[in-house]
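Coordinate analysis (summary)
Below, each chain spelled out in residue letters.
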Amino acid sequence: DCRYTCHQECRSRIDLDCRRPDQCQSQISPESTLLPPCSQHVTQLVEEEKPKPPTIQEIKQKIEKYNAKVTNCLLMKLNDDGTYTGFIKVHLKLRRPVTVPAGIRPQSIYDALKDVNLADMTDKRTSFYLPLDAIKQLHISSTTTVSEVIQGLLKKFMVVDNPQKFALFKEVRKDGQVLVQKLPLTEYPLYLRLLAGPDTNVLSFVLKENETGEVEWDAFSIPELQNFLMILDKEEKDKIQQVRRKYEKFKQRLQQTLKEARGKPG
């Protein structure tokens, strides 16, 4: 459907988020989108640049080094199968309102243990703004992907919006600068946390809207779009009032200055 083309060497690295995969598969054969290898030399370079996964011993050493720097009880734990668990903190910096079920009680410990989805108990929806820069702590595994982290965050806040509307970013502070990078859905946040250490001033995770250059309006429902129009209309009116008040005060000060100037000689 999208006519995506890639080199054969790059095929394993491509992760397409097709809107109409059924049509794409029915019209285009995956093999028809592959180009022949550029050269044997390029293939060897790609294979050489691919990092090797760390061994269990290397992971164990990194975890011991990580835990030695932890100042609270949020330690990482290595499992017998080589996986490990730990904690990450995610800052919520959402500029647009989210959609949640209307009239639903807060989630209890019983609901969490029984994996009860309160959002399925009603069809009524409402929108509101999450607190700016709220922080949510998650206990995840080394096999937990960015996609699963996003879905977990939405579930904790009972947000029923499409997870594709959101993206997880990492903020790296280096030499007095803050570098922001969008993480791919297949990335493992806990491994990034392990490499960076427990200091959130060095590395932090941020949940934002999935800005891809153009807003995918077809991902929103009609009530959501109507709600956005209401919000934009209110923001426009507020902005107009601010501009009017600003220049009204300027006009009053100018008239007062002219009045005072008339009463002075020269």
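The structure presented is a predicted model; accordingly, all values stated were derived computationally and were not measured.

Turning our eyes to something else, we now look at the UniProt feature "coiled-coil region" (unreviewed entry) in the protein chain. UniProt records the feature "coiled-coil region" (unreviewed entry) for residues 233-264 in the present numbering. For residues 233-264, the helix share is 94%, the strand share is 0%, and the end-to-end C-alpha distance is 47 Å.

Now for the nonpolar core. Counting 31 residues, the largest nonpolar core has I88, V90, F166, L168, F205 and L207 as its most contacted members. Top element by residues in this core is helix α5 (residues 146-156). It accounts for five residues. In this structure F205 touches I88, K89, V90, H91, L168, F169, K170, L183, P189, L192 and R193, once residues within four positions along its chain are discounted.

Evaluation of the coordinates by the stated rule reveals three cavities of 30 Å³ or more. Approximately 60 Å³ is the volume attributed to the largest cavity. Lining the largest cavity are R96, P97, V98, D161, K165, F166, E209, F220 and F228. In terms of residue class, the lining of the largest cavity is made up of five nonpolar, no polar and four charged.

On the surface, a nonpolar cluster with roughly 490 Å² of combined accessible area is contributed by V243, Y247, F250, L254 and L258. For L254, the location among the structural elements is in helix α7 (residues 222-262). Classification of L254 by relative accessible area gives partly exposed; the value is 44%.

Of note, M158 is a non-glycine position whose phi angle comes to about 55 degrees, a positive value. Relative to the elements of secondary structure, M158 occurs in the loop between α5 and β8 (166-174).

One pass over the structure, following the stated rule, counts five salt bridges. In this structure, D233 engages K237 in a salt bridge whose closest nitrogen and oxygen atoms are separated by 3.4 Å. Here K237 and D233 lie together in helix α7, a separation of four residues that amounts to about one turn.

With that out of the way, let us pick up the packing of aromatic side chains. Tallied over the entire structure, the rule returns zero aromatic pairs. The side chain of K136 reaches across the aromatic face of F157, ending 5.9 Å from its centre.

Next up on the list: the side chain of E171. Turning to its location among the elements, E171 is positioned in strand β8. Classification of E171 as buried rests on a relative accessible area of 6%. With sequence-adjacent residues up to four places away left out, E171 is seen in contact with K93, V178, L179, V180, V202, L203, S204, V206 and K208.

This next bit is on the environment of V70. Mapped onto the elements, V70 comes out in the loop between α3 (56-69) and β3 (77-78). Classification of V70 by relative accessible area gives buried; the value is 13%. Spatially, the C-alpha atoms of V70 and P198 are 6.1 Å apart, while their sequence positions differ by 128 residues.

What counts, and at which threshold
- Residues numbered from 1 in each chain as written.
- Predicted model: local features only at pLDDT ≥ 70, side-chain atom pairs only at ≥ 80, totals over all residues.
- Heavy atoms only, no water.
- UniProt positions renumbered as here; feature names shortened; annotations may be inferred.
- Helix = DSSP H or I, 4+ residues; strand = E, 2+ residues; numbered from the N terminus.
- Core = buried A, V, L, I, M, F, W, Y, C linked by side-chain atoms within 4.5 Å.
- Buried < 20%, exposed > 50% of the residue type's maximum accessible area, 1.4 Å probe, protein only.
- Contact = heavy atoms within 4.5 Å.
- 1 Å grid on protein atoms, 1.4 Å probe; cavity = no way out; pocket = protein on both sides within 12 Å on 5 of 7 lines; lining within 4 Å.
- Points joined across faces, edges and corners; volume = space filled by probe spheres on them.
- Nonpolar A, V, L, I, M, F, W, Y, C, P; charged D, E, K, R; others polar.
- Patch = residues over 30% accessible without salt bridge, like charges linked within 9 Å, V, L, I, M, F, W, Y side chains within 5 Å.
- Areas by Shrake-Rupley, 256 points an atom, 1.4 Å probe, with all protein chains shown as cover.
- Salt bridge = Lys/Arg side-chain N within 4 Å of Asp/Glu carboxyl O.
- Phe/Tyr/Trp six-rings, centres within 6.5 Å; stacked < 30°, edge-to-face > 60°.
- Lys NZ or Arg CZ within 6 Å of the ring centre and 35° of its normal.

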